Amino acid sequence: APARIVINLGDATTMDFNYRLLKATRSMPMRTLLERVTALRAFAVTEMGEEQADNLMDVWSALNDAQRNLEILNFGGVLRFGHVLNRWITRPMVPFPEELTAAEKKDYRQFLFQAKGEEQADNLVDIQAMRMYDGWGAKMLFQRTIETTMPQMRTALNRVERIRDAAKDEAARKQWDLTGKRLQAVIYLLRSADDMVAYQAQLDRVKNLGAKPEANPVLGVQSGWDRTDLMETARKEIDTMVNLQHLLESTKEPILDLAPTPAEETIMRLGPNVATQLKHKIDTMNAHWRDYDRLFTVPNP
């Protein structure tokens, strides 16, 4: 009997597409790069027509390059590890996380199942009882990986917007507009991930130095580079989360994989109230903004 081949067509969001791709290309030669690209472009024509086939090819290529880039950080999927398992998406950046109240931690603390205690739970890069993104070297590697991935994500988004704008019917425009929103969400999450790793690295560095802020700084004292860096990172995170909140609220269609009800939120899946939780995160970060004065000398220019 012939050997059976098992093919994973993905989940409900990708199954139809993957089936069409398999069906369209299964009998085509795939031995060389040229043959594979030729087969994929022929399939792109059946999906989009000749005019938009190259834009669709660019989307696939850019996303493939972005995924390969992120493999450097992959200890189980960087976005799932950070934003879901460690709830980066809903937990605030603050200089003294151990002082957050239960009400301020309600959206994320119960899902940090790997933490043996509050010290681990308070560390932004303590994920699955590992600290693979810990320290200044990890920060630099993470930063470089994200900054080289961003142009590829922006290229993919740009081509999706071209396809959307050229769509002949409203249903197609809406579908490609939703695809664009999802790619924009990924861009926001990548920025946030970079912020999280950078913030913890700088916070650890500053606390390890043990420097005390001046009680009465003389006229002319400027902000230190580490104070500026830490607070600018927190401000970038707030701006990114405001944008993500607005994006999620701009449509009733699914942008992120969210549980249908709050009761079904788990360590492996975000809840349906993420937009509200983002607002809570932003408010918490703003409420603790003066806490940085306890780490650094306040400028007196």
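Overview of the structure. (Residues numbered from 1 in each chain as written. Predicted model: local features only at pLDDT ≥ 70, side-chain atom pairs only at ≥ 80, totals over all residues. Heavy atoms only, no water.)

Things to note about the overall build of the chain
Then, number 1: If you tally the helices and strands in the chain, you get 10 helices and zero strands.
Then, number 2: Moving toward the C terminus, one meets the helices and strands of the chain in the order α-α-α-α-α-α-α-α-α-α.
Then, number 3: Each of the three principal axes of the chain carries a C-alpha extent, and together these read 75 × 45 × 40 Å.
Then, number 4: In the chain, buried positions account for 43% of the 301 residues.
Then, number 5: Taking the contacts inside the chain whose residues are at least 6 apart along the sequence as the reference set, 74% of them involve residues at least 24 apart.
Then, number 6: Per element, the accessible surface of the chain, about 16,500 Å² overall, is 53% carbon and sulfur. (Helix = DSSP H or I, 4+ residues; strand = E, 2+ residues; numbered from the N terminus. Buried < 20%, exposed > 50% of the residue type's maximum accessible area, 1.4 Å probe, protein only. Contact = heavy atoms within 4.5 Å. Areas by Shrake-Rupley, 256 points an atom, 1.4 Å probe, with all protein chains shown as cover.)

A few points about helix 10 (residues 274-287)
Then, number 1: The first and last C-alpha atoms of helix 10 sit 20 Å apart over 14 residues, in line with the 20 Å expected at 1.5 Å per residue.
Then, number 2: Those residues of helix 10 that fall on the buried side of the exposure criterion are Val274, Ala275, Gln277, Leu278, Lys281, Ile282, Thr284 and Met285.
Then, number 3: Residues of helix 10 that are buried in the fold lie against helix 5 (102-105), helix 8 (170-209) and helix 9 (225-249). (Expected span 1.5 Å × (residues − 1).)

Re the nonpolar core
Across soluble globular proteins, nonpolar side chains show a tendency to be buried alongside one another.
Then, number 1: In this structure, Trp88, Ile89, Tyr133, Phe142, Tyr199, Leu244 and Leu248 are the most contacted members of the largest nonpolar core, which totals 63 residues.
Then, number 2: Listed by contribution, the elements that provide at least two residues to this core are helix 3 (50-70), helix 4 (78-85), helix 7 (135-166), helix 8, helix 9 and helix 10.
Then, number 3: If one sorts the elements of this core by residue count, helix 8 sits on top with 14 residues.
Then, number 4: Counting residues in hydrophobic clusters, the runner-up holds six residues, among them Val94, Leu100, Leu112 and Ala121. (Core = buried A, V, L, I, M, F, W, Y, C linked by side-chain atoms within 4.5 Å.)

A few points about unusual backbone geometry
Excluding glycine, a negative phi dihedral is what most residues carry, and trans is how most peptide bonds are arranged.
Then, number 1: Its identity as a non-glycine residue notwithstanding, Arg87 has a phi of 50°, on the positive side.
Then, number 2: When you line up the elements, Arg87 lands in the loop between helix 4 and helix 5.
Then, number 3: Classification of Arg87 by relative accessible area gives buried; the value is 0%.

Keep in mind these values describe shape, not function.
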